[in-house]
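# Observations on chain architecture
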Amino acid sequence: MVEKKIYSKLGEKLANGDFILTGELEPEKTCDLSHTIQEAKEMAPYVVAANVTDSPLGIVTINSMAASHIIQKEAGLEVIWQLTVRDVNKLGIAGMIMGGHALGLRNVLSLTGDHPALGDMPESKPVFDLDSATLVRLVKEMVDKGTINGHEIEHPPTLHVGAAANPNADPMEAEILKIGRKAQAGCEFIQTQVVYDLDRTIEFLSEIKKYNVPVLLGIFPMKSYGIAKGFDTFVPGVDVPKDILAKWKNIKTEFKDDKKEQKRVYDQANYEFFKPFISELKRKGLLAGVHCMAVHYPRIFPKLMEVIQA
Amino acid sequence: MTVITTKKPFEEILSVLKDVKKIGLVSCGSCAAMCQTGGTEGAKEMAEKLEKEGFEVIVTIVPEEVCDNRLMMKDFRQIDEDLKNIDAILTLSCGLGVASIVKALERKYPLIPVFIGTNTEFMGMTERIGRFYMHCRGCGDCLLNETGGICPITTCAKSLMNGPCGGMVNGKCEVGNYEKDCGWVLIYNRLKALGRLDLFSKLRDPVNWSESGHQREVVWR
């Protein structure tokens, strides 16, 4: 068996089989990253690494490679650089992989990216020269073989490459076979879309287990009723369970005059929902860790640590 | 196959004809006639509108196919005298028509400007008149034998070679508010029905743009 090379803390923890937590940072339409850096510092004691998003929903933000570098440098938190194939062609992306490495990035998450038509520059040309699977394959070629399209790279990059999966996808089998393609391309880890349906998640993760790629489960702890309701309404294909929405609504009403207590109760409610959910998946050996996608909610991390250490 | 065209707004046509008085109308008798942008009826309607605006329509021809350069050369020989008297040609055809007309005129009348009164949409499948659908982008490297006869370059909003992407919800595409089918789910359903999910599982190479990313020609004699 070929010895797996380790390029990052994330790579090391996954290779060791440690059950880990990763977070998510969403830089906005700004050149000043101080808020994001602050958030990164707050989650740093708890997470192995944090994703840095690449213009999600096609809404243009500061470039994710630049933001990843600055956050990693300023907050001392390892990042998982999200890179979509939406905006740059194959030639440009190969250059970015080398650039990302030169800037100290050691993990990259290959994503298709939301179509520009959804965002705030809908007239932009949708590039999609590569797709999320062929981007994985390109990174693996560059890292493992030290070539691009067969041409030698003088000093090749060293990054771990991951990809996304969606347990909510219907038809599920099409998604499973797609994960098979990503695994075939050399994908080293998977981060899933946010899930709330335990049975469906078990079914999906059991199916993709055969690909032998460590999975970090996407969860979205809900900071408030407004956020839970918004997530349920505006994120297509992800339904927040009705009993959760009702419970969060109650918290909002019951503790409306005591914000401090309200926060504590919301955090506790998240803990109570996610603890059995994650424990069950962990017990079944379906997870390598958890990826928390709730941005602007760093105070939940101590509770999440209790969840994943349970 | 039909090249599907739609009418340009008349105001846009007027704006390009601002220095023109005498017009020759060329209206395609083939695809544009089927799309009701050209043909005899389209020509008649356009001539009336132009005359109402004070233009003189010196001559109107309805060639069998404007894109067939041989037919255009023949038709132009028959209206040679009229061509001497016009300021511009307005064609009601697809974009190919402009190239074909310019080429047919290049030796004798290279300076007659040729304007177009339509927008070329796509090459389409005709379900019935007024219902035309794109199923092929003419990429030059046909994948249909591997994708159950459904083209991902056309039916996937991102033209992905390895879909479906995360923008698919319940078989629908994120582009267009989840109203259109996800092309890769259509491919999956078709290949599954045909017992060929082995083809769906295959990791496909990106499109080779060195072959299809420039103006192409097919010359075999």
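Look above for the structure.
The structure reproduced in this document is the subject of the present report. Residue positions within a chain follow its written sequence, with the count starting from 1. Key to labels: chains lettered from A, ligands numbered from 1, both in the order written. In view of the model being predicted, local features appear only for residues whose pLDDT reaches at least 70, and side-chain atom pairs are presented and counted only at 80 or more, with totals across whole chains, interfaces and linings using the full set of residues.

Counting from the N terminus, the helices are DSSP H or I runs at least four residues long and the strands are E runs at least two residues long. Assigned secondary structure in chain A consists of eleven helices and ten strands. The size measure is the radius of gyration over C-alpha atoms, and the globule rule it meets is 2.2 Å times the number of residues to the 0.38 power. In terms of overall size, chain A behaves like a compact globule, its C-alpha atoms giving a radius of gyration of 19 Å where 310 residues would be expected to give roughly 19 Å. Its C-alpha atoms give chain A principal-axis dimensions of roughly 65 × 45 × 35 Å. With C-beta atoms placed from the backbone, a contact is any residue pair whose C-beta atoms sit within 7 Å. For chain A, the share of sequence-separated contacts (at least 6 apart) that also reach a separation of at least 24 residues comes to 78%.

Each side of the interface is counted separately: chain B has 25 residues, and chain A has 28 residues. Looking at the side of chain B that touches chain A, the element that brings in the most residues is helix H8 (residues 183–193) of chain B, giving three residues.

Moving on, we come to the nonpolar core. Throughout this description, the term nonpolar core refers to a group of buried Ala, Val, Leu, Ile, Met, Phe, Trp, Tyr and Cys residues whose C-beta atoms join them within 7 Å. Partly exposed residues are those falling between the two cut-offs: more than 12 but fewer than 20 other C-beta atoms within 10 Å of their own, whereas 20 or more means buried and 12 or fewer means exposed, with C-beta atoms placed from the backbone. Ranked by size, the top nonpolar core spans 107 residues in total, and within it A:Ala50, A:Ile71, A:Val79, A:Trp81, A:Val139 and A:Val290 carry the most contacts. Per-element tally for this core: the top contributor is helix H5 (residues 132–145) of chain A, with seven residues. Excluding anything up to four places from it in sequence, A:Ile71 contacts A:Leu25, A:Leu33, A:Thr36, A:Ile37, A:Ala40, A:Val52, A:Leu77 and A:Val79. Counting 28 residues, the second-largest nonpolar core is a separate cluster that includes B:Leu50, B:Cys67, B:Cys94 and B:Ala104.

Our next topic: the sheet that holds strand E4 (residues 88–92) of chain B. All names here are of chain B. We call two strands paired when DSSP finds no fewer than two bridges between them. One open sheet accounts for four strands, arranged E3-E2-E4-E5; its pairing is parallel. Here the strands that pair on one side only, and so sit at the sheet edges, are strand E3 (56–61) and strand E5 (114–116). Shown here is a sheet whose adjacent strand axes are inclined to one another by a mean of 25°, direction ignored. Sheet topology note: the strand E2 (residues 22–27)/E4 ladder contains five bridges and is parallel. By the bridge assignment, Ser27 is partnered in E4 with Leu92. Of the strands in this sheet, E2, E4 and E5 are in contact with helix H6 (residues 95–105), which crosses E5 at around 170°. Here, axes are lines fitted to C-alpha atoms. For helices the fit covers the stretch in contact, and angles between N-to-C directions go from 0 to 180 degrees.

We now examine unusual backbone geometry. Cis geometry is found at the peptide bond from A:Asp170 to A:Pro171, where omega equals 10°. On the secondary structure map, A:Pro171 appears in the loop between strand E7 (160–165) and helix H6 (172–185). A cis geometry characterises the amide bond from B:Gly163 onward to B:Pro164, with omega recorded as 0°. In this fold, B:Pro164 is placed in the loop between helix H7 (152–155) and strand E8 (168–169). Located in the positive-phi region is A:His296, a residue other than glycine, with phi close to 60°. Tracing the chain through its elements places A:His296 in the loop between strand E10 (289–292) and helix H11 (301–309).

With that settled, the discussion passes to the environment of B:Ile129. Secondary-structure assignment places B:Ile129 in the loop between strand E6 (118–128) and strand E7 (131–134). On a C-alpha basis, the gap between B:Ile129 and B:Leu17 in space is 30 Å, while along the polypeptide they are 112 residues apart.

Residue and element names in this part refer to chain A. What the eight strands build is a closed barrel, ordered E1-E2-E3-E4-E7-E8-E9-E10; its pairing is parallel. In this sheet, adjacent strand axes meet at a mean angle of 25° when their direction is disregarded. The pairing of E7 with strand E8 (residues 189–194) spans four bridges and is classified as parallel. Of the residues in E8, the one forming a bridge with Ala164 is Gln191.

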